[in-house]
Amino acid sequence: MAAPTDNTPNAAAEARRQQRLEELCAALIRAQSAQAEVRYRGHRLEWRGKAYPLRAPHLQLDAQQDDWGSCRGVADAIALRLRHHDPELHRHWLPTPPVARLVFELLEQLRVESLVPAHHPGSRRNLHYRFSAWSNRFLASGQTESHLGLLLFTLSMMSWVQLGGGPIDEGTEHLIESTRMFLLREIGQPFGRIRRCREDQAAFAEQALAIALSVNELVADLQQQLAGNEQDQDALEEVGNGFGLLLDFDGDGDQAGSQAGGASPRNSDGEAAYRIFTGRYDKEWQAARKVRPELLERLRRQLDQRIREQGLNLNGLTKKLRRLLARPHQDGWRFGEEEGRLDGRRLSTLVTSHADRRVFKQPREEWRANAAVTILVDNSGSMRPHMEHIAMLIDLLVQGLERTGARTEVLGFTTGHWNGGQPLKDWQRRGWPANPGRLNERCHLVYKNSDTPWRRARRSLAALLKSDLFREGLDGEALLWAEQRLLAEHVNERILLVISDGCPMDTATRQSNADDILDAHLMAVADRIDRDPRIRLCALGVGLDLSRYYRHNQLLDLEHSPDNRIFDEILALITRAMRG
Amino acid sequence: MTDLLHDHPSRLRPVRELFNLDIDMQVPVFEHRDEHVPDIDPSYCFNPDVTLAILAGFTRNRRVLLQGLHGTGKSTHIEQVAARLNWPCVRVNLDGHISRLDLVGKDTIVLEEGKQITRFQEGIVPWALRRPVALIFDEFDAGRPDVMFVIQRILEQDGKFTLLDQNQVITPNPHFRLFATANTVGLGNITGLYHGTQQINQAQMDRWNIVAKLDYLPREDEIRIIQGKVPRYNDTRGHELISRMVAVAELTRAGFAAGDLSTLMSPRTLIAWAENNEIFNDTALAFRLSFLNKCDEGERPLVAEYYQRCFDQELPEPQALQLTAV
């Protein structure tokens, strides 16, 4: 069941674009910083599984206003920080007063940016572009009109120039001139030294700390002077906003313990803490049995018709899947070879015509996938409008995979009732005990199991179109179920592909437990499976970014009928998951 | 052609002098350059550790296996050491088509005085074993299992080699040396980059006395090599250009290590790029022709971004343009 999101086509396209940009930025950061564990999760940057804080004001991007040039600049800036910055050392020097911290962070960021290598002139330009864009925006916001705003802005510009940032335009130069003279009187000495020691973080931190503490004092004096003036108090707050609310240091990713995307723990604790009130009413159905045979026949014809009209290229898909999954296997022999092992059946040839050397056999290599792929479909109510397209995708994927020799399984999950069924009644009868855990009937559907070939599962797959079975969704439990089934397969490669359009949802459970019980469970389960080398987990989000839950995810655009491009996206996703 | 049979290394030369390495070690050197001795490439940069490993192979008759990603110059490294020792060298590429018979030898039918007779034609292994030759097996981990067992026998230092169908036992020449290069450390295709490589039998791996790893060179060395290959860039401007090209290659390697790219730029590709640049006089076009077109279509926007970082120039790439159109 989807969280309330704007599902208009434009919003979906925008979300896809956003996801692509984030992926590209993360990949760039990974390459430039040589740190593989950088990714975006729910639009927030993570490093080694923890939120990565962006504490310098010019690193705060506004998705609505900032362009791709700014994104590039920020990505390069973050990469440089990851490369040239020692968080341990940084923490050692970091001052406590908020303003001092802000200045110290800013100086440190500008320091690492000044270390951009000479052979990366493009990065240098991007950094310059981003800083200019930020300073122009700050100027335009009118925040330099307050004393504090002007002071911090002047300091930013001075430090930027001092650390090799670039020339300031005349208007800005004029604006900050007098504040700069004033500041230089206060911080002149350490400020003069920062350029020389920018390659030595510790030496730099010493100077930066002196600057930060002086500025902190200046600001404190200023605040005291303005204490009675309400207008200036407002201005102070506004400048805080302009600097990206950096005075608030919650979620400090350098220190352990911060979590991306919410308050819930994402480790196995979340999984262990999850409770089920009663599993007595849980069901596992063969999907085809839930649909009348005549109807199933009709649905299948409908699906075939749609696939034919769509002109999807099954052969092309198979070829690409084979390239991705198939590995060489020894399979039988090639006969009539000129060398190899002697072929007993051709001994007579050896006698009758000894010039003929084609009496050998050699092992034959065949490329076949030794893999199992499970497709787990969210059967929540909000998926109904997309099911026709999804059924087409699944049908073709299953066929393509089967042709490469892979085993495939198609599973679905929903709940027995809307808003809790029998378990809810049981709970009420028992007097509403606190924190009961999951309060709905879990309902798992098998559309195709791995022992049934596509030919025999054709009709059953059409049951995907019978969407009146679709209710709510318990994603975490479904993932566990699919994981168990997949682990029972004796293959080299196991891929679990989830297709979903939102977060787990069961109203009864949500209302009677902690708000995020289902979310936390899904995150914990997905996180654990993701770290399990036996399974490659990836997810297709139908109009919703699933990066909060799944490391390898891809937003699908199902507003238009699926075309061959969609398969390329799915294959790219699986490729990423397989590379780990 | 004089046969090598009776040649041998006749004098010792200090390593310091030959390879500019700061250690007291003497290596045996041949007096004459046979036609099997590789040509000296004066621009070649030696990796000190790997050079030492190879020299140990030549001096002390150790079996040396060099491992590294493609294009790091593993075989060339051995050849260039041999070239400076005047040591004859033979390279055999163990692709999947080399069979046991190719290595050992087989009976062939030849015409002699108008009559068909069968004669045993010696394979490369017995030939090399009898001579003071360094035999290099390239792509060692791509060899077929039956081939591997032939090699296993000669991996033993004093391993005598039996030609079964000839009733012959070959005692190796005291100056016969054996080297191999491989993309993996005998673990098979883990990254998905080297299909066709095999897991090497542990007994085989044990028989290699020295396993050395060759990584990509430090950037200045790499720049120097490319300048050496394409002399037109042998000035300050050329250095700047090649430095940026190497920077792109470094990003592709980091991208490959992080799992974002499925291909990477080897020094070989870099040299091709520099050469193509000389032809087309257009760095972006040469880049497209030498590397970008080899990349998966989905990875091209990322490669275009790498290019932008290093050249401060947009690579005209349709998908990248789609992204920039905000």
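Residues numbered from 1 in each chain as written. Chains lettered and ligands numbered in written order. Predicted model: local features only at pLDDT ≥ 70, side-chain atom pairs only at ≥ 80, totals over all residues. Heavy atoms only, no water.

Per an unreviewed UniProt entry, chain B goes by the name AAA family ATPase and belongs to Oceanimonas pelagia.

Per an unreviewed UniProt entry, chain A carries the name Cobalamin biosynthesis protein CobT and comes from Oceanimonas pelagia.

Further remarks concern the overall build of chain B. Helix and strand counts for chain B stand at 13 helices and 11 strands. On the principal axes, the C-alpha backbone points of chain B span a range of 75 × 45 × 45 Å. The proportion of buried residues among the 326 residues of chain B is 54%. Accessible area for chain B stands at about 15100 Å²; split by element, carbon and sulfur atoms hold 49% of it. Distance between charge centroids for chain B: 4 Å, based on 34 positive and 44 negative side chains. (Helix = DSSP H or I, 4+ residues; strand = E, 2+ residues; numbered from the N terminus. Buried < 20%, exposed > 50% of the residue type's maximum accessible area, 1.4 Å probe, protein only. Areas by Shrake-Rupley, 256 points an atom, 1.4 Å probe, with all protein chains shown as cover. Lys, Arg positive; Asp, Glu negative; His and termini not counted. Charge placed at Lys NZ, Arg CZ, Asp CG, Glu CD.)

Moving on: the interface of chain B and chain A. Contacts between the two partners involve 36 residues from chain B, matched on the other side by 27 residues from chain A. Taken over both partners, the interface formed by chain B and chain A buries close to 2800 Å², and the fraction arising from carbon and sulfur atoms is 53%. For the pair chain B and chain A, the number of links is 6 salt bridges. Arg309(B) is the partner of Asp76(A) in a salt bridge, and the nearest nitrogen-oxygen pair spans 2.7 Å. If you look at where chain B meets chain A, you find 12 residue pairs in polar contact (both at pLDDT 80 or more). Those elements that place two or more of their residues in the side of chain B that touches chain A are helix 4 (100–104), strand 5 (105–112), helix 9 (236–257), helix 12 (300–311) and helix 13 (318–324) of chain B. Of all the elements, helix 12 of chain B adds the most residues to the side of chain B that touches chain A, at 8 residues. The residue makeup of the side of chain B that touches chain A, split by class, is 13 nonpolar, 9 polar and 14 charged. (Contact = heavy atoms within 4.5 Å. Buried area = accessible area lost by both parts, 1.4 Å probe. Salt bridge = Lys/Arg side-chain N within 4 Å of Asp/Glu carboxyl O. Polar contact = N/O pair within 3.5 Å; in protein donor to acceptor, adjacent residues only side chain to side chain. Nonpolar A, V, L, I, M, F, W, Y, C, P; charged D, E, K, R; others polar.)

All names here are of chain A. Strand order across the open sheet formed by 7 strands is 4-10-9-8-11-12-13, with mixed pairing between neighbours. The open sheet has two free edges, formed respectively by strand 4 (283–286) and strand 13 (553–556), since each of these has just one partner strand. Each strand of the sheet is rotated relative to its neighbour by a mean of 20°, with strand direction disregarded. As paired strands, strand 9 (residues 407–415) and strand 10 (residues 442–448) are joined by 6 bridges and run antiparallel to one another. Of the residues in strand 10, the one forming a bridge with Leu 411 is Val 446. (Pairing = 2+ DSSP bridges. Axes fitted to C-alpha atoms, helices over the stretch in contact; angles between N-to-C directions.)

So, on to the packing of aromatic side chains. Tallied over the full model, the rule gives 19 aromatic pairs over all chains. Centroid distance Trp47(A) to Tyr52(A): 5.9 Å. Interplanar angle 85°. Geometry classified as edge-to-face. One exposure class covers both Trp47(A) and Tyr52(A), and it is buried. Arranged with centres 6.4 Å apart and planes meeting at 40°, the rings of Trp273(B) and Tyr307(B) form a pair that is tilted. Residue Trp273(B) is located in helix 10 (residues 267–280), and its partner Tyr307(B) is located in helix 12; the two are separated by 34 residues in the primary sequence. For the pair shown, Trp273(B) and Tyr307(B) are each scored as buried. These aromatic residues form a ring-pair network of at least three members: Phe131(A), Trp134(A), Phe138(A), Phe153(A) and Trp160(A). (Phe/Tyr/Trp six-rings, centres within 6.5 Å; stacked < 30°, edge-to-face > 60°.)

The next point concerns the environment of Arg13(B). Residues and elements named next belong to chain B. With respect to the helices and strands, the residue Arg 13 is situated in strand 1 (residues 11–14). The class for Arg 13 is partly exposed, based on a relative accessible area of 21%. Along the chain, Arg 13 and Val 29 lie 16 residues apart, while their C-alpha atoms are 6.7 Å from each other. For Arg 13, the side chain forms a polar contact with the side chain of Glu 17, separated by 2.9 Å.

Since the α-helix turns once every 3.6 residues, residues separated by three or four places project in the same direction. The end-to-end C-alpha separation of helix 8 (residues 201–225) of chain A is 35 Å, in line with the 36 Å expected for 25 residues at 1.5 Å each. Its side-chain oxygen placed 3.2 Å from the backbone nitrogen of Ala202(A), Asp200(A) serves as the N-cap of helix 8 of chain A. (Expected span 1.5 Å × (residues − 1).)

Right, let's talk about helix 12 of chain B for a bit. Residue and element names in this part refer to chain B. The end-to-end C-alpha distance of helix 12 is 16 Å, a good match for the 16 Å that 12 residues give at a rise of 1.5 Å each. A large share of helix 12 lies buried, amounting to 12 of its 12 residues. At the C-terminal side of helix 12, Asp 312 shows a positive phi close to 50°.

Attention now goes to the packing of helix 9 of chain B against helix 12 of chain B. All names here are of chain B. Running from N to C, helix 9 and helix 12 cross one another at 145°; their axes reach a closest spacing of 9 Å. Helix-helix and strand crossings are classified by hand; for helix 9 and helix 12 the assignment is right-handed. Of the residues in helix 12, those in contact with Leu 241, Arg 244, Met 245, Ala 247, Val 248, Leu 251, Thr 252 and Gly 255 of helix 9 are Tyr 306, Tyr 307, Arg 309, Cys 310 and Phe 311. Across the contact of helix 9 with helix 12, the residue classes break down as 9 nonpolar, 2 polar and 2 charged. (Left-handed = near helix turned anticlockwise from the far one by under 90°.)

The next thing to look at is the side chain of Arg30(A). Mapped onto the elements of the fold, Arg30(A) is located in helix 1 (residues 9–33). Those residues within four positions of Arg30(A) in sequence are excluded, and the remaining contacts are Glu23(A), Gln35(A), Ala36(A), Val38(A), Arg39(A), Ala258(B) and Asp260(B).

Now for the packing of helix 2 (residues 68–84) of chain A against helix 5 (residues 121–140) of chain A. All names here are of chain A. Their axes nearest at 8 Å, the elements helix 2 and helix 5 cross at an angle of 115°. Taken together, the axes of helix 2 and helix 5 are roughly perpendicular relative to one another. The two elements helix 2 and helix 5 meet at a crossing, and its hand is left-handed. Where helix 2 abuts helix 5, its residues Gly 69, Ser 70, Arg 72, Gly 73, Val 74, Asp 76, Ala 77 and Leu 80 lie against Ser 123, Asn 126, Leu 127, Tyr 129, Arg 130 and Ala 133. For the contact of helix 2 with helix 5, the class distribution of residues is 6 nonpolar, 5 polar and 3 charged. (Parallel < 35°, antiparallel > 145°, perpendicular 65-115°, else oblique.)

Counting residues in each nonpolar core, the largest one holds 101 residues, and the members touching the most others are Ile211(A), Val215(A), Trp273(B) and Phe287(B). With 10 residues, the single largest contributor to this core is helix 8 of chain A. If near-sequence neighbours (up to four positions away) are discounted, Val215(A) is found in contact with Val99(A), Val103(A), Leu151(A), Leu152(A), Leu155(A), Leu183(A) and Ile187(A). Grouped together as the second largest cluster of nonpolar side chains are 57 residues, Ile307(A), Leu469(A), Leu558(A) and Leu571(A) included. (Core = buried A, V, L, I, M, F, W, Y, C linked by side-chain atoms within 4.5 Å.)

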